[in-house]
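# Observations on chain architecture
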Amino acid sequence: MTPEYHQHVAPGGYGVQGPGARLTIHHTGPRYHLCRFEPVPPTPVERLRHWLDQPGSLLREHRQVVPFTARGELIRELDGWRDQPDAPAALLLHAAGGQGKTRLARHACTRWREAGWAAVWAHHATDPPAAETAGPPAPDRPMLLVVDYAERWPAVDLTRLLHDQLAPRRAPTRVLLLARSIEWWPRIAAELDKLDMRGHVRPLPPLAISDGERARLLAQARDRYAEIYRYPDPSAVALPTMTGADAGQVLSIHMAALAAVDAASRAARPPGHLADVTAYLLLREREYWAKLYGDERVTAIARTTFVAALTGQLANAIAASTVDSTGLPAATGLPAQQLLDAHRRCYPGLDGNALEPLYPDRLAEDFIALNLPGHDEGYPADPWCGELLVAAGDPARPGRLFARGTGNGLAPYTGRALTFLAASAARWPQAGRYLAQLLSADPAIAMDAGGAALAAVAAAADPALLVRLAEQLPERPHADLDAAAALLTERATRYLLAGETDDAKRAQLKHDLSWRYAQAGQAAAALGPARESVTLYRTLAADDAAYRGKLANALDNLGNRLDDIGEYAEAARVTEQAVGHLEALATADPAAVPTLATCLDNLANRLKHLGQDDQALRLNGQAVELLRTVSRAAPALRPHHLAIALNNRAALLLKLAQRHAGSATRKGQAKAGNRREGEGEQGGHTAGFVELLAEARAAAEEARDRYRALAAADGDTYLPGLARSLANLATAISGDGDHAGAARLLRGAVDAFQTLVARNPAYVPDLVGGLFNLGWTQIQAGQRREALNTLREALGTLTAHPVPANREVYAQQLTLILRTLAAVASPDLDEIMPDIQALVTALHTASRATEGADTDDRHWLAPPPVRDLLRKLASESLFTSIDRLADQFGTDLETARWTVAQYADARQWAAWRTAPGGQALPLTGDMLLALQPHDRFWLGLAMPTPGHTAK
């Protein structure tokens, strides 16, 4: 009996089970909470005066101490974004910390509520809710969804938020994302595409660009703070000199004015320059601690505040354990709970939590830096704080806050701590030195802390550190890290190339960068460095045969990159060149055999895409046998390559089975002209079909078992292969008639691909293929309603990515899904009309992004079969959209209008497919369910997906 295990996996997680078990993934709920925005009036002056001993509290954005300074042009732009029906659904507003993003978003929420919209703020599950949590507004009410610090969200959780909150909504919806950086944006933009939504990126410029504007805003803030402090003559306040990159930021202006007024009210020495302002305000925090607890406790509170700045707010029990682990109770003689209670009195947390950090974040980041030795800013550094980052007397070990625990694991706050340390390092050299020491001591921390933290390090760290970290990146695809790894490799490569004159090293750097781009789904970016690497290695190999192996690897990589964008013919040519070099090398050096086997398998994929299936199967067979030999001799050497080759073999055999079934369909009998000698009939199938199906099932089962073993140790790397093996196995057993078993496997594969797509849109074709095959399996099981919903999801997923890397796969998948969806919906096509209309809109939107391109370059967005289907599926409600489609894609407008008129009432027409050889066959919903098993199997196998290539 097959054991069954159920795992509860958070969104974005994955489940891996032992051999023979069934894969079942349960998502455990959202990793975010929603807070309904309600306008809050500015805090009254009398209440603000309660914080004069702790002036940094007056900088908290929600208190609205200084009146909002309207950015007139931008406010009008946001209003226009709200009111234009065809405006992008999402806007990423990015700027450095302290630029006024959050305050602007709150002002927009207030204006939009007055216009009848609901406003909702989303907070990640690791952050405490800023207000009472609530669900989204009714689906028919317009909604503005705001996501602050979007760059800190794990991609899978931000994707889940977008899908959960936007997909079911009928009313206009806008998403305002606020972030400091944009490196993470392409992946989220792809997810918005999936929801048929466009995104736009806009930088938020400094509020004060000119000296005059800066002086005006500084005086305005000074006057407001003087009112709060009851300072009689604001004009007498000595303001600091405002210079440097941060001088025009809203927060910098408010901090400078606050520090100046606070100093004047106390007759203290004011900060002379902007660089002195942070130190002044943080020294005032220390004075507040001394007032509460006496001078002897200031160090203890400062150290607890340093821990809080890095860890963020934690549940009390976890916070107590964290403080214990730092050694602070032993150093101060105070129990951990007493330290937390003292800190909580200064910085109250929510719901009994502890270690509330300093706000705004800029103050926390500067506090981290000023507590680290190595500066002369007039604030007392504390070596103990440095020892939390790097071990005292042993820079080769991480400090106590980053030390690994049982099982070599990291604390749950590590991602935030590394992110804040990286942000501090971007402005303070001493923080950068500690970051470098920490990650030199344990480079794996940067990877283990997660993709968001690694991206923060990649954006802020010194390039020399990034070079060292690049050496520690996973050698195989890693769903969570791939995007950050590409950014890190890009910066490290640019740094190395600037000083590198050795062509061999330059070629390898470009080769590695190409591969990193590819794993991050940046197919277009990957192609250039791949070509440059080949060019360099060709020159080197012409003079020195020792470089032939490197040239072969570069050619194989270029073939993979060309395959990624659908350039199969050129991909096959360069891969054949790689095979030629490797065959010559393997004759003299057995060490080249594993690479030759992998390259043969990649070439097989190229030929499969070109329709040369028999040759592809022969080459794949050679690859599998070579890799089996390697596996027997050295089991630890490239074990995943054999699993890849087996997956590809299963896909090839299934395609050949499709060919047999299709041949039988066209002849109307089980007599395929090209079947093997001795074939007969078995239960309505040709013997060749049955034999191919059995071989495919065996290959898929072996691939699944190998991937399960690999994924048990490293799920992030091997989840894609495991999912593909499940999809292949499902298709094989569906051909045997086990539709229920196939559906179970496909649900596991779809869950896995949804997890992967959330992290990397390069897996969209795999997800679409899995959804289509699941829908087809449901058709075969007679589950029409379930099949219709699944196929609609497949169409929504595919058409929401209207500018794919691989145009050919896109066009084939889109055509097949439309035909099958129409057949299932027949004779009443009204139910799928919203999906068709969404498709037209998406294609029209994508076409506008390619304006100015050649007509031939734009036609692939809606290939001829798709345009024909859209005409035939058109109704009067789509008349305007068809007009736009005709205009954008070169369809004759009068013909399109005529077609609409002809087919507006002819709903009995459902769909058709074009069989091999150009034979057009009508296919209605009733006919679909009445097809013989081999007919249905042939259609189900028609969904193309990319081949699986190895590095």
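Above this note sits the structure.
In what follows, the accompanying structure is described. These figures come from a predicted structure and were not determined experimentally.

## Some details on the overall build of the protein chain
- Looking only at helices and strands, the protein chain has 40 helices and 12 strands in total.
- Sorting the 951 residues of the protein chain into buried and exposed places 56% on the buried side.
- Taking all contacts inside the protein chain whose residues are at least 6 apart in sequence as the whole, residues at least 24 apart take part in 71%.
- Counting only carbon and sulfur atoms, one obtains 51% of the accessible surface of the protein chain, whose full area is about 37300 Å².

## Here we look at the packing of aromatic side chains
- Scanning the model with the defined rule gives 6 aromatic pairs in all.
- Ring pairs connect the aromatic residues Trp81, Trp112 and Trp117, which therefore count as one cluster.
- Arg416 extends its terminal NZ or CZ atom over the ring of Phe420, reaching a point 3.8 Å from the ring centre.

## Quick word on helix H20 (residues 482–498)
- Taking 1.5 Å per residue as the helical rise, H20 with its 17 residues ought to reach 24 Å, and the 24 Å between its terminal C-alpha atoms agrees with that figure.
- All of the buried residues in H20 are Asp482, Ala484, Ala485, Ala486, Leu487, Leu488, Thr489, Ala492, Thr493 and Leu497.

## Quick word on the pairing of strand E4 (residues 90–94)
- Within E4, 5 of the 5 residues are buried, leaving the element largely enclosed by the surrounding structure.
- Burial of the side chains of E4 extends over both faces: Ala90, Leu92 and His94 are buried on one face and Leu91 and Leu93 on the other.
- Relative to strand E7 (residues 173–179), E4 is paired through 5 bridges, and the arrangement is parallel. Pairing of Leu91 across the sheet is with Leu176, part of E7.
- Pairing geometry for E4 and strand E8 (residues 199–203), over 5 bridges, is parallel. When the sheet's bridge partners are listed, Leu91 is paired in E8 with His200.

## Structural notes on the sheet that holds E7
- Taken in spatial order, the 6 strands of this open sheet run E3-E5-E6-E7-E4-E8, and their pairing is mixed. Sheet topology places strand E3 (32–36) and E8 at the edges, where each strand pairs with a single neighbour. Strand-to-strand twist of the sheet, defined as the mean angle between neighbouring strand axes without regard to direction, takes the value 20 degrees.

## Concerning the packing of helix H9 (residues 298–311) against helix H15 (residues 414–425)
- Following both chains from N to C, one finds H9 and H15 inclined at 100 degrees, their axes separated by 7 Å at the closest point. The orientation of H9 relative to H15 falls into the category roughly perpendicular. Contacts from Ala308, Ala309, Leu310 and Thr311 of H9 reach H15 at Arg416, Ala417, Phe420 and Leu421.
- For the contact of H9 with H15, the class distribution of residues is 6 nonpolar, 1 polar and 1 charged.

## Comments concerning the pairing of strand E6 (residues 143–147)
- Counting buried positions along E6 gives 5 out of 5 residues, so the element sits mostly inside the fold.
- With burial as the criterion, each face of E6 is covered, one bearing Met143, Leu145 and Val147 and the other bearing Leu144 and Val146.
- Pairing of strand E5 (residues 118–124) with E6 involves 5 bridges; the strand directions are parallel. Across the sheet, Val120 pairs through a bridge with Leu145, a residue of E6.
- Note that E6 and E7 share 5 bridges and pair parallel. Within E7, the position partnered with Leu145 by the bridge is Val175.

## Describing H9
- If you check H9, its first and last C-alpha atoms are 20 Å apart, about what 14 residues at 1.5 Å a residue would give, namely 20 Å.
- Burial runs high along H9: 13 of the 14 residues are buried.
- Backbone geometry just after H9 places Gly312 at a positive phi near 75 degrees.

## Some remarks on the nonpolar core
- Leu58, Tyr225, Trp289, Leu418, Leu435 and Leu439 are the most contacted members of the largest nonpolar core, which has 113 residues in total.
- When residues in this core are grouped by element, the largest group, 11 residues, is from helix H7 (residues 250–265).
- Ranked by size, the runner-up nonpolar core spans 52 residues in total, among them Val750, Tyr763, Val764 and Leu788.

## A closer look at the pattern of salt bridges
- Inspection of every chain in the model, using the stated rule, returns 42 salt bridges.
- Arg494 is the salt-bridge partner of Glu490, the closest N and O atoms lying 3.4 Å from each other. Residue Glu490 and its partner Arg494 are located together in helix H20, separated by 4 residues, close to a single helical turn.
- The residue Glu701 makes a salt bridge to Arg697 at a minimum N-O spacing of 3.1 Å. Of this pair, Glu701 and Arg697 both sit in helix H28 (residues 687–713), 4 residues apart, roughly one helical turn.
- Overall, the relative accessible area of 29% leaves Arg697 in the partly exposed class.
- One salt-bridge network, in which partners are shared between bridges, spans Glu151, Arg152, Arg180, Asp361, Arg362, Glu365, Asp366 and Arg427.

## Things to note about the environment of Pro477
- As for its position among the elements, Pro477 is in the loop between helix H19 (463–470) and H20.
- Between the C-alpha atoms of Pro477 and Trp515, which are 38 residues apart in sequence, the distance is 9.5 Å.
- With sequence-adjacent residues up to four places away left out, Pro477 is seen in contact with Asp482, Trp515, Gln519, Asp716, Thr717 and Tyr763.

## Quick notes on the side chain of Asp148
- Mapped onto the fold, Asp148 is located in the loop between E6 and helix H4 (155–166).
- One buried charged residue, Asp148, forms no salt bridge at all, with the nearest opposite charge on Lys101 at 6.2 Å.
- Polar side-chain contacts of Asp148 include one of 2.7 Å to the side chain of Thr102.
- Beyond its immediate chain neighbours, meaning those up to four positions away, Asp148 contacts Thr102, Trp121, Trp153 and Leu178.

## Side note on the environment of Pro590
- Along the chain, the position of Pro590 falls in the loop between helix H24 (568–588) and helix H25 (593–609).
- The exposed category is assigned to Pro590, whose relative accessible area is 61%.
- Taking the C-alpha atoms as reference points, Pro590 and Val630, separated by 40 residues in sequence, lie 10.0 Å from one another.

Reading the values: the criteria
Residues numbered from 1 in each chain as written. Predicted model: local features only at pLDDT ≥ 70, side-chain atom pairs only at ≥ 80, totals over all residues. Heavy atoms only, no water. Helix = DSSP H or I, 4+ residues; strand = E, 2+ residues; numbered from the N terminus. Buried < 20%, exposed > 50% of the residue type's maximum accessible area, 1.4 Å probe, protein only. Contact = heavy atoms within 4.5 Å. Areas by Shrake-Rupley, 256 points an atom, 1.4 Å probe, with all protein chains shown as cover. Phe/Tyr/Trp six-rings, centres within 6.5 Å; stacked < 30°, edge-to-face > 60°. Lys NZ or Arg CZ within 6 Å of the ring centre and 35° of its normal. Expected span 1.5 Å × (residues − 1). Pairing = 2+ DSSP bridges. Axes fitted to C-alpha atoms, helices over the stretch in contact; angles between N-to-C directions. Parallel < 35°, antiparallel > 145°, perpendicular 65-115°, else oblique. Nonpolar A, V, L, I, M, F, W, Y, C, P; charged D, E, K, R; others polar. Core = buried A, V, L, I, M, F, W, Y, C linked by side-chain atoms within 4.5 Å. Salt bridge = Lys/Arg side-chain N within 4 Å of Asp/Glu carboxyl O. Lys, Arg positive; Asp, Glu negative; His and termini not counted. Polar contact = N/O pair within 3.5 Å; in protein donor to acceptor, adjacent residues only side chain to side chain.

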